[in-house]
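# Descriptive analysis of the structure
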Amino acid sequence: MADVELIKKCLTAHPDFPKKGIVFLDIFPILRDPFVFETLITHFIQHITSHTIGLSEKKRVDVIVGLDARGFLFGPIIALRLGAAFVPVRKAGKLPGACISASYEKEYGTDSFEMQAGAITPGQTVVVIDDLIATGGSAKAAGELVAMQGGQTLEYLFVIELMFLQAASKLNAPVYSIVKTDD
């Protein structure tokens, strides 16, 4: 677990951001250190190849879905290493062409995510990735988009999980997080 400690040490806490009472865990210091960034990517790849692939009857991952915007930082690299496609999930109005959408609850109202129609084909196996899971609303919406297109979500991957919010219970597949915190 030395890799987990290395990744955890690079997270920077920013109290009262983006609003008072929130402690924001910043992942960007990881990206500034090539060794730690490689460690994070390698950790995810090792988890997927030793665990997640076993959840699929096909024994492979077809698609990595990255959530807007930090899931875009890890998703394409992981997809490339696995020989999988990368599909972005974006905030409404950011993707061209025909899109499907799913709404989710935020602290102050609702928001929606979109995915290009046909980006996932029926029967494809999918892993959803983002930097952080808090309430789970955005991850749940991404899972709904995968299901709408006939994909099978094998697992949700996060760098950080805020355990006290118990968001994993809202999702339709298992959750794996590198850093788990109750803060």
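Anything mentioned here points back to the structure above.
Description of the structure in this document. (Residues numbered from 1 in each chain as written. Predicted model: local features only at pLDDT ≥ 70, side-chain atom pairs only at ≥ 80, totals over all residues. Heavy atoms only, no water.)

## Notes on the pattern of salt bridges
One pass over the structure, following the stated rule, counts five salt bridges. For Asp62, the salt bridge is made with Arg60, and the minimal N-O distance between the two is 2.6 Å. For Arg60, a relative accessible area of 41% translates into the label partly exposed. Of the charged contacts in the structure, one is a salt bridge between Arg90 and Asp68, with a shortest N-O distance of 3.3 Å. Of this pair, Arg90 sits in strand 4 (residues 85–91) while Asp68 is found in the loop between strand 3 (63–67) and helix 4 (71–82), placing the two residues 22 residues apart along the sequence. Through salt bridges with shared partners, a single ionic network connects Lys58, Arg60 and Asp62. (Salt bridge = Lys/Arg side-chain N within 4 Å of Asp/Glu carboxyl O. Buried < 20%, exposed > 50% of the residue type's maximum accessible area, 1.4 Å probe, protein only. Helix = DSSP H or I, 4+ residues; strand = E, 2+ residues; numbered from the N terminus.)

## Some words on the sheet that holds strand 3
If you trace the seven strands from one edge of the open sheet to the other, you get 5-6-4-3-7-8-9, paired in mixed fashion. The open sheet terminates on both sides in strands that have one partner only, identified here as strand 5 (99–106) and strand 9 (175–181). When strand polarity is set aside, the average angle formed by the axes of neighbouring strands in this sheet is 20°. Of the pairings in the sheet, the one linking strand 8 (residues 152–162) to strand 9 comprises six bridges and is parallel in character. When the sheet's bridge partners are listed, Tyr156 is paired in strand 9 with Val175. (Pairing = 2+ DSSP bridges. Axes fitted to C-alpha atoms, helices over the stretch in contact; angles between N-to-C directions.)

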